[in-house]
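Spelled out from the first residue to the last, the chains are:
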Amino acid sequence: MADNPTTPTPAAEMVNATINGIKVQVPKGTNLIEAGQRVGVFVPHYCYHKKLAISGNCRMCLVEVGGPMRGPDGKPVLNPDGTTKVTMAPRLSIGCNTQVTEGMVVVTNSPAVQQAQNSVMEFFLINHPLDCPICDQAGECKLQEYSVEFGKDASRFREEKVHKPKQVDLGLRVMLDDERCILCSRCIRFMRDVAKDDCLGFTNRGSHTTLTCWPGKKLAGNYSLNTVDLCPVGALTDKDFRFKMRVWFLKETKSICTSCATGCNIVIWSRENVVYRQTPRENDAVNECWMCDAGRHNYKHINAASRLKKAFVSGKETSYADALKQLAPKLKAALADRTSVAFVGSARATNEELYLFSMLAKGSVSDCVPRTWDGDSFLVNADRNPNSAGAKIFNVAAAPMGSKFAAIADGIKAGKIKTLVVHQEDVTRRGIGADLLAKLSLLLVVDFRPTETTKAAHFVLPGVTYAEKRGTFTNAKGRVQRVWPAVSLGGEERSDWEIFRDLLRETGQPDRFADIVALFADMAANVKPFAGLSLEKIGDGGVQLG
Amino acid sequence: MDPILIHLIKIVGVVGVLLFICAYIVLAERRICAFIQDRLGPNRVGIPIWIRKDGRAIQIGACWALGQPIIDALKAILKEDFVPGHVNKFYFWLGPMLVMAPALMVWAAIPFGSTLCGVPMIVADINVGILFVFAIASLGVYGIVLGGWASNSKYPFLGGVRSSAQLISYELCLGLSVIPLFMQVGSLRLTEVVRWQTEHLWLICYPWNWLPAIIYVASSFAETNRAPFDLPEAEQELAGGYNTEYSSMKFAMFFLAEYANMITASALLAVLFLGGWHLPFVPVSGGIAVGIAHICIFLAKVCALALVFIWVRWTVPRVRYDQLMGLGWKVFLPLALVSILIAGLAIVAGWSPS
Amino acid sequence: MRIERKPLTIWERLYLPAIISGMMLTFSHLFRKKVTLRYPEQKPEIPPGYRGQPVLVKDEDGRVKCVACQLCEFVCPPRAIRIKPMAYPDNAKYKKVEKTPDEFEIDMIRCIFCGYCEEVCPEQAIFLRGPYSVTGLSRKDMMFNKEKLLELGGTMPDPIKKWQKK
Ligand code: SF4
Ligand code: SF4
Ligand code: SF4
Ligand code: SF4
Ligand code: FES
């Protein structure tokens, strides 16, 4: 996939056109909606979506189109002053399915176009229910937005509205309200063409056309919730988000999904430090406009009541500073003999955390937990760790990942390994059971939630989830992408990189990371693949490692 | 009886009655001001009056809220006595005392009755009575200036300065306006003034005394800082005036002194122009009953005049500072001088009986 | 506009007549009828349409008119309103309406009685109505929950009945 497909490759043939009097040059094959977008002319549209096949059924994008007038000899007719004479087509054309041709003249704001938009809106609304107060789409509804911009102020429809099924359960995660559907068929095209799971379609005719699942099918695939994003109105809603919160209260924070190694770009929607939903963010190099349902709903742990918000020493709650003070001499003593210490890192940690972790673990045995099961051919990667690539770059993971666990277990059993440092993993499920953990003289766990391992730990320091910190992840294809903090729980928990920095400082390493920017700069200077990078350069879209 | 004991009894009696009247004049002020504004005013702390209506007892009012002064005093005492950190503590304390003390002291020379059991109803019958009264009364301004200055804050300070300017200006008119009376009476002794009026007519009855009376009344409004001349405590301009920084009992002293001064001014007015304890058809001398009657007559006159003070306050708007000064220096002062001339003429012409 | 200021006549310049007539006027007021309301015993008559405190209303069938659209929560300038929406359970009488407030709290300490919530409500569910004496002994007392707001609000007939037509 090209980094930015909207930048025309020089080879593409360019055509010239005029949109609302503004000259524009676009590659051949560009449609009028996209061409208009380049010069800041907005053409309203419902059924068109740039990643989907064009169906041209909503008629919202009608514009006036014209071209050079041609005489009987096929040559352009000239005005007396020498310019080409333009003739406008007698009827309006849909912008989404009309491609720019040489010399084309497009008008999107003439009275004819405005009247057409007005009438189309009126048609959309004749059978539309007055559901906005209970409709989850309100606030991000294209029907609301266009009504204000292109519609009439009052309805002239006096007849009884057509009633269609409401609260239709389409599958595991999606709820349909047929009355609100404007029959744009985006959802149908997505499931058919992109998700390759042709399950939706229209039945009946005219005003009674109804969206439904094909008999015997359900909208249940792992990509079904993308139809909710696509639906320009509130016909398709996410059952998980349904009636939870109004979108206008939600704060949008850019982030990436950490549920697999693909690293889909997402937006975290939160209000007052509670995450309410996650939606895909467009990045053509990673996930285009989509994400899988599993990743989308994998946010519940962020605000779980069981989150660790305090440090624990031998199971007793205490302040972070106090725990650190008690831990420092013990850890320092333990690290004097590197062979007696083992480290379990996390391939779910950020690059910065892994970098610091690798500094802590230098000279000791360390490994990460592998998580590999079925992927699919679209987005979901078989590797469910979001940063396996980083764990390998920083040598926190063994090769192959997870191969050292048996050795660590044996080391503990033999009494050779007396200290274990664990980051965000539950090692009891990886062959190092509670009985072995009990033999350790020092078990330090950095985690954000309680596990069997934190229960056995002598020291627990409270870390955070991906939605609460800054940092970068390296995806399966070697692309470095950033996360930003969306929420904060307000306890004693802190970014894991800060915890590792404190541990390094307390065990006698120079204290040189004032903030994440300095840390990243240090990493870029010392770790080859990151050479020359900075957080700023990575930006919103990420950067492919060399 | 031991003359010292008699004097002590008289002093305690005078101060007690004075403070009592002060307390109730405050209540009267609040009630009258409310009535003038078509309100009810404080009516909760009194002997309640209940009526039965719809089978329920409903309190429709209380007997003049007679408990209010007690509650007010309690409140003033119980409030936090807050002394701001930036004040000059000694003078800050001295201010209210200096205001209160003269207000009580002037009563030493005011005759509040004829005689009772042969004892003259005056604490100290000094022969320069009126001079004593004016001299002591004018000390009050030191308290105000001190309070304003010691508060070490600009609004009280401005209030204090205004007050001193105002008091000094009107002191003059006040003094000049009473000279015609003593020219007619021929003595500065206040008992003598009253005696003269019992023998002749009240001084107000002679037309040449009308102008001095008007000047005297207006000037005493100014002297007591009462509306329409209450500029030292013009809330709108001075956030309260010289007493802004005061609270609790110290504030209450300023407040009480204002009313004490008002009563003193009323008493002097009664003594000088309205015949003191004298009332036609009441015998000038007699037994205990007559003595007590004289005291009552005097008190009635004082209270009536105090009510007029209140009535004026809730009628006339406050004058501007320049108007106040203009009135004092350019109108009252020349007029007072003129009235002295007229009185002199009246005496020379023999219209005045003496 | 220019107002002519006529010079005062001698009579007027004397001031005393004016002061005396003023005093006569204030004197006459001493005996006028008083306007004071003896509050806790006598209550003012609340006219219909009086804008007191915000309350929630039910329609004549007893349905809570609020559908938890949260517009009032959004518009409320001091953020006094807190709503937790929920879906009507499957067997509910008004399942058709789909959405209803689970919790609806107005912090009467914060409320400034501006009436924006009433204005913005698309369901005519929240009104500023009669109750005017909003008192409590603690902050908690002043958090009015859904039940309390509905009790204060009572019934407000719904002329449109849009949900019945669904
Ligand atoms: S789809 Fe849009 S217009 Fe229709 S009810 Fe929902 S928010 Fe309102
Ligand atoms: S459900 Fe939404 S996306 Fe699907 S056809 Fe209807 S309006 Fe379009
Ligand atoms: S009246 Fe105003 S302040 Fe009170 S709840 Fe309604 S919107 Fe908020
Ligand atoms: S605006 Fe009306 S319907 Fe919406 S939440 Fe508030 S009270 Fe309920
Ligand atoms: S967007 Fe062109 S017809 Fe729908």
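Residues numbered from 1 in each chain as written. Chains lettered and ligands numbered in written order. Predicted model: local features only at pLDDT ≥ 70, side-chain atom pairs only at ≥ 80, totals over all residues. Heavy atoms only, no water.

Description of the overall build of chain A
How we decide: In this text, helices come from DSSP runs of H or I with a minimum length of four residues, and strands from runs of E with a minimum of two, each type numbered from the N-terminal end. Think of it in three bands: with a 1.4 Å probe and only protein chains considered, a residue is buried below 20% of the maximum accessible area for its type, exposed above 50%, and partly exposed in between. The criterion used for residue contact is that any of the two residues' heavy atoms lie within 4.5 Å. Surface accessibility follows the Shrake-Rupley procedure with a 1.4 Å probe radius. Residue values consider only the protein chains on display as shielding. Lys and Arg are tallied as positive, Asp and Glu as negative. Neither His nor the chain termini are counted. Every charge is mapped to an atom, namely NZ of Lys, CZ of Arg, CG of Asp or CD of Glu.
From N to C terminus, chain A includes 15 helices and 24 strands. Across its three principal directions, the C-alpha atoms of chain A cover 95 × 55 × 40 Å. Across the 546 residues in chain A, those meeting the buried criterion constitute 55%. Sequence-distant contacts, at least 24 apart, represent 64% of the contacts inside chain A between residues at least 6 apart. Accessible surface computed for chain A: about 23,700 Å², of which carbon and sulfur atoms make up 53%. The distance from the centre of the 70 positive side-chain charges to the centre of the 59 negative ones in chain A is 2 Å.

Things to note about the interface of chain B and chain C
For clarity, the threshold we go by: Simply put, the buried area is the total loss of 1.4 Å probe accessible area from both parts when two parts are fitted together. Any Lys or Arg side-chain nitrogen found within 4 Å of a carboxyl oxygen on Asp or Glu counts as a salt bridge. Nitrogen and oxygen atoms within 3.5 Å of one another constitute a polar contact, given that in protein one can donate a hydrogen and the other can accept it, and given that sequence-neighbouring residues count only through two side-chain atoms. Side-chain classes are defined by residue name, with Ala, Val, Leu, Ile, Met, Phe, Trp, Tyr, Cys and Pro counting as nonpolar, Asp, Glu, Lys and Arg as charged, and the others, Gly among them, as polar.
Listed by partner, the interface residues are 18 residues for chain B and 18 residues for chain C. A buried area of about 1,500 Å², summed over both sides, lies between chain B and chain C, and 67% of it is on carbon and sulfur atoms. Three residues, Asp38, Leu40 and Trp311 of chain B, lead the burial of chain B against chain C; their summed loss comes to 38% of the area buried on that side. Counting across the interface, chain B meets chain C through zero salt bridges. The tally of links from chain B across to chain C stands at seven residue pairs in polar contact (both at pLDDT 80 or more). For the side of chain B that touches chain C, the secondary structure elements donating two or more residues are helix H1 (3-36), strand S2 (56-62) and helix H11 (288-313) of chain B. Among the residues making up the side of chain B that touches chain C, the classes are represented as 11 nonpolar, four polar and three charged.

Some remarks on the sheet that holds strand S3 (residues 99-107) of chain C
All names here are of chain C. What counts, and what does not: Strand pairing requires that DSSP identify at least two bridges connecting the strands.
In space, the three strands of this open sheet follow the order S2-S3-S5, with antiparallel pairing throughout. Each edge of the open sheet is held by one strand with a lone partner, namely strand S2 (81-87) and strand S5 (143-144). With seven bridges connecting them, S2 and S3 associate as antiparallel partners. Bridge pairing in S3 places Ala87 opposite Lys99.

Regarding the interface of chain C and chain A
Many descriptions give the size of an interface as the accessible area lost when the pieces come together. Chain C puts 21 residues into the contact, and the matching count from chain A is 19 residues. Of the roughly 1,700 Å² buried at the junction of chain C and chain A (both faces included), carbon and sulfur atoms supply 55%. In terms of surface lost to chain A, no three residues of chain C exceed Glu98, Lys99 and Lys166 of chain C, which account for 35% of the buried area on that side. Between the two partners, chain C and chain A, sit three salt bridges. The closest approach of N and O atoms between Arg271 of chain A and Glu73 of chain C, which form a salt bridge, is 2.8 Å. Linking chain C to chain A there are seven residue pairs in polar contact (both at pLDDT 80 or more). Counting residues per element, the side of chain C that touches chain A draws most heavily on S2 of chain C, at four residues. Classifying every residue of the side of chain C that touches chain A by side-chain character gives 10 nonpolar, one polar and 10 charged.

Focus on the domain arrangement of chain A
Residue and element names in this part refer to chain A. Just so we agree on the cut-off: As used throughout, domain bounds are those supplied by an automatic or database domain assignment.
Per the domain assignment, the segments making up chain A are domain 1 (14-120), domain 2 (129-238), domain 3 (247-303) and domain 4 (311-544). The gap between the C-alpha centroids of domain 1 and domain 3 is 36 Å. Of the roughly 340 Å² buried at the junction of domain 1 and domain 3 (both faces included), carbon and sulfur atoms supply 60%. Where domain 1 packs against domain 3, one counts three salt bridges. Of the charged contacts, one joins Asp284 and Lys51 as a salt bridge, the two residues approaching to 2.7 Å between their closest N and O atoms. The interface formed by domain 1 and domain 3 holds two residue pairs in polar contact (both at pLDDT 80 or more) in total. The residue makeup of the side of domain 1 that touches domain 3, split by class, is one nonpolar, one polar and two charged.

A closer look at the site of ligand 4
Applicable threshold: Here a residue is near a molecule or strand as soon as one of its heavy atoms is found within 4 Å of it.
Cys66, Val67, Ala68, Cys69, Gln70, Cys72, Ile83, Phe104, Cys121, Pro122, Glu123 and Ile126 of chain C make up every residue found near ligand 4. Across the shell around ligand 4, the residue classes tally to 10 nonpolar, one polar and one charged.

Details of the packing of aromatic side chains
Convention followed: Pairing of aromatic side chains requires ring centres within 6.5 Å, counting the rings of Phe and Tyr and the six-membered ring of Trp. Pairs whose planes differ by under 30 degrees are stacked, by over 60 edge-to-face, and all others tilted.
In this structure the tally under the stated criterion is 31 aromatic pairs over all chains. Between Phe92 of chain B and Tyr246 of chain B, the ring centres sit 4.1 Å apart and the planes meet at 5°, which makes this aromatic pair stacked. Of this pair, Phe92 of chain B sits in helix H3 (residues 89-105) while Tyr246 of chain B sits in the loop between helix H9 (235-238) and helix H10 (248-273), and the two are 154 residues apart along the sequence. We note that Phe92 of chain B, like Tyr246 of chain B, is buried. Here the aromatic rings of Tyr50 of chain C and Tyr132 of chain C are separated by 6.5 Å at their centres, their planes lie at 85°, and the arrangement is edge-to-face. Here Tyr50 of chain C is found in the loop between helix H2 (16-29) and strand S1 (53-56), whereas its partner Tyr132 of chain C is found in the loop between strand S4 (126-129) and S5, with 82 residues between them in sequence.

Describing the pattern of salt bridges
On inspection of all chains with the given rule, the structure shows 45 salt bridges over all chains. A salt bridge links Arg192 of chain A to Asp193 of chain A, with the shortest nitrogen-to-oxygen separation between them at 2.9 Å. For Asp193 of chain A, a relative accessible area of 28% translates into the label partly exposed. Among the salt bridges present, the one from Glu60 of chain C reaches Lys161 of chain C, with a minimum N-O distance of 3.2 Å. Of this pair, Glu60 of chain C sits in the loop between S1 and helix H3 (71-75) while Lys161 of chain C sits in the segment after helix H5 (146-153), and the two are 101 residues apart along the sequence. By relative accessible area, Lys161 of chain C is classed as partly exposed at 27%. Residues joined in a network through salt bridges with shared partners are Asp131, Lys166, Asp177, Glu179 and Arg180 of chain A.

So, the sheet that holds strand S23 (residues 479-483) of chain A
Residues and elements named next belong to chain A. Just so we agree on the cut-off: The axes used here are C-alpha line fits, helices contributing only the stretch in contact, and every angle between their N-to-C directions lies in the interval 0 to 180 degrees.
Read across the open sheet, the three strands follow the order S22-S23-S24; overall the sheet is antiparallel. Unpaired on one side and paired on the other, strand S22 (471-474) and strand S24 (543-544) mark the two borders of the sheet. Pairing analysis gives four bridges linking S22 to S23, with the strands arranged antiparallel. Looking at the pairing, Thr474 lines up with Val480 of S23. Strands S22 and S23 of the sheet are contacted by helix H8 (residues 351-361), whose axis makes an angle of about 90° with S22.

Thoughts on unusual backbone geometry
A cis amide bond, omega -10°, links Ala399 of chain A with the succeeding residue Pro400 of chain A. Along the chain, Pro400 of chain A turns up in the loop between helix H9 (388-393) and helix H10 (405-413). For Ala68 of chain C, which is not a glycine, the phi torsion comes out positive at approximately 60°. Residue position: Ala68 of chain C is located in the loop between S1 and H3. Positive phi values are uncommon outside glycine, yet Arg79 of chain C reaches one of about 55°. Counting through the fold element by element, Arg79 of chain C comes out in the loop between H3 and S2.

Description of the nonpolar core
Generally speaking, a soluble globular protein has its nonpolar side chains buried in company with each other. What counts, and what does not: Buried residues of nine kinds, namely Ala, Val, Leu, Ile, Met, Phe, Trp, Tyr and Cys, make up a nonpolar core once their side-chain atoms join them within 4.5 Å.
In terms of nonpolar packing, the biggest core is built from 78 residues, with Tyr46, Met60, Phe124, Phe190, Leu200 and Leu236 of chain A touching the most fellow members. With five residues, helix H4 (residues 186-194) of chain A is the largest single contributor of residues to this core. Apart from the residues lying within four places of it in its own chain, the contact partners of Leu236 of chain A are Leu170, Val174, Met175, Leu176, Cys187, Leu211, Thr227, Val228 and Cys231 of chain A. Counting residues in each nonpolar core, the second largest holds 77 residues, with Phe112, Leu176, Phe229 and Phe332 of chain B among its members.

Quick look at H5 of chain C
Structurally, the α-helix is built with 3.6 residues per turn, so residues lying three or four positions apart point the same way. Residue and element names in this part refer to chain C. Quick reminder of the rule: The directions considered for the arc run from the helix axis to the C-beta atoms.
Taken residue by residue, H5 has Lys146, Leu149, Leu150 and Gly153 as its buried positions. End-on, the buried residues of H5 take up no more than an arc of 100°, which puts them together on one face. Along H5, exposed side chains directed more than 90 degrees from the buried face belong to Glu147 and Glu151. Buried-residue contacts for H5 involve S1, S3, S4 and S5. Backbone geometry just after H5 places Gly154 at a positive phi near 70°.

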